[in-house]
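Tertiary structure, described
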Amino acid sequence: MKIQDLMCRDVVVCQPTDSMKAAAERMWKADVGCLPVLDAEGTLMGMVTDRDLLMSAAIQGLPLDQLQVDSAMAHRVQALHPGDKVERALELMGVHQVRRLPVVDDQGVVVGLVSVNDLARRSDRDDHPRRDDLVHAIAQVCEPRPRAQACVGPQGQLAASG
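Thresholds applied
- Residues numbered from 1 in each chain as written.
- Predicted model: local features only at pLDDT ≥ 70, side-chain atom pairs only at ≥ 80, totals over all residues.
- Heavy atoms only, no water.
- Disulfide = S-S within 2.5 Å.
- Buried < 20%, exposed > 50% of the residue type's maximum accessible area, 1.4 Å probe, protein only.
- Helix = DSSP H or I, 4+ residues; strand = E, 2+ residues; numbered from the N terminus.
- Arc of directions from axis to C-beta.
- Contact = heavy atoms within 4.5 Å.
- Patch = residues over 30% accessible without salt bridge, like charges linked within 9 Å, V, L, I, M, F, W, Y side chains within 5 Å.
- Areas by Shrake-Rupley, 256 points an atom, 1.4 Å probe, with all protein chains shown as cover.
- Salt bridge = Lys/Arg side-chain N within 4 Å of Asp/Glu carboxyl O.
- Axes fitted to C-alpha atoms, helices over the stretch in contact; angles between N-to-C directions.
- Parallel < 35°, antiparallel > 145°, perpendicular 65-115°, else oblique.
- Left-handed = near helix turned anticlockwise from the far one by under 90°.
- Nonpolar A, V, L, I, M, F, W, Y, C, P; charged D, E, K, R; others polar.
- Core = buried A, V, L, I, M, F, W, Y, C linked by side-chain atoms within 4.5 Å.
- pLDDT = per-residue confidence, 0-100.
- Pairing = 2+ DSSP bridges.

**As for the state of the cysteines**
Within the structure shown, the criterion is met by zero disulfides. Sulfur of cysteine 8: no disulfide; nearest cysteine sulfur belongs to cysteine 34 and is 9.7 Å away.

Following this line, the structure appears as structure tokens:
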């Protein structure tokens, strides 16, 4: 099975200069836990999760409307292509301990998003990779990360990622 067969195509996004409040409102309205962060040309440059917003605001001691997304977003992002196999998503999720991966075209433009939930919901289909692979990837995602792997934002403050 390929990523294009199960990815969400209606992806809500934000820009790095958006306020964290605006990003949180988008997540709330769309009932999603993350947003791909795009540059002015629409190219993927990061990801921000609801947890990233909360932790960054708490650490900085400021309200969400006074902070920009770029102070909380993960800058190093793994991405998939629509033609990638599901096994590639499981590998990236496990190794990088992320629950969601953006899907980009050859120009880096976001065309979808795939989550561990998308993979789990299809785990009973015959064309899904072995369930053991899914369980293994989820177990890897849930492993505690060493403190040294915490992300540091552009201004040197700690920022969450996931």
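**Examining helix H2 (residues 50-60)**
Within H2, burial applies to Asp52, Leu53, Ser56 and Ala57. One face of H2 carries all of its buried residues, which in axial projection span an arc of 120°. Among the exposed residues of H2, those pointing more than 90 degrees away from its buried face are Leu54 and Ala58. In this structure, the buried side of H2 is in contact with helix H1 (20-30) and strand S2 (44-49). Remark: glycine 61 follows H2 within two positions and exhibits a positive phi of approximately 70°.

**Let's talk about a nonpolar patch on the surface**
Together, Leu54, Met55 and Ile59 make up an exposed nonpolar region whose accessible area comes to about 280 Å². In this fold, isoleucine 59 is placed in helix H2.

**Observations concerning the packing of H1 against H2**
At a closest axis distance of 10 Å, the pairing of H1 and H2 adopts a crossing angle of 150°. What the angle tells us is that H1 and H2 run roughly antiparallel. Handedness of the crossing formed by H1 with H2: left-handed. Contact residues: Met20, Ala23, Ala24 and Met27 in H1; Asp50, Leu53, Ser56 and Gln60 in H2. In terms of residue class, the contact of H1 with H2 is built from five nonpolar, two polar and one charged.

**Thoughts on the nonpolar core**
Counting residues in each nonpolar core, the largest one holds 16 residues, and the members touching the most others are Ile3, Leu80, Val86, Met93, Leu101, Val114 and Leu119. Elements with a contribution of two residues or more to this core: helix H3 (86-96), strand S3 (100-104) and helix H4 (116-121). Of the residues forming this core, the biggest block, five residues, is contributed by H3. In terms of nonpolar packing, the next biggest core, distinct from the first, is built from 13 residues, Met20, Met27, Val48 and Ala57 among them.

**Quick word on the confidence of the model for the protein**
Taken as a whole, the protein shows an average pLDDT of 84; of its residues, 77% reach a score of 70 or greater. Across residues 152-162 the pLDDT falls below 50, and counting only partners more than four positions away or on other chains, this stretch makes 32 contacts in the model.

**Quick notes on H1**
All of the buried residues along H1 are Met20, Ala23 and Met27. In an axial view of H1, the angular spread of the buried residues amounts to 65°, which keeps them on one side of the axis. More than 90 degrees from the buried face of H1, the exposed residues found are Trp28 and Lys29. Residues of H1 that are buried make contact with strand S1 (34-38), S2 and H2.

**Comments concerning the pattern of salt bridges**
It is possible for side chains bearing opposite charge to pair when their charged atoms get close. All chains considered together, the criterion is met by three salt bridges. Its salt-bridge partner being arginine 26, residue aspartate 18 comes within 2.7 Å of it at the nearest N-O pair. Residue classification places arginine 26 among the partly exposed positions, given a relative accessible area of 30%. Lysine 21 is the partner of glutamate 25 in a salt bridge, and the nearest nitrogen-oxygen pair spans 3.9 Å. In this pair, glutamate 25 and lysine 21 are both assigned in helix H1, four residues apart and thus about one turn of the helix distant.

**As for the pairing of S1**
The buried fraction of S1 amounts to five of the five residues, a majority that puts the element mostly inside the structure. Of the two faces of S1, the one carrying Cys34, Pro36 and Leu38 and the one carrying Leu35 and Val37 are both buried. Here S1 pairs with S2 via five bridges, running antiparallel. Bridging from a neighbouring strand, valine 37 pairs with glycine 46 of S2. Between S1 and S2, which pair antiparallel one after the other, the connecting turn spans five residues, and glycine 42 there sits at a positive phi close to 90°.

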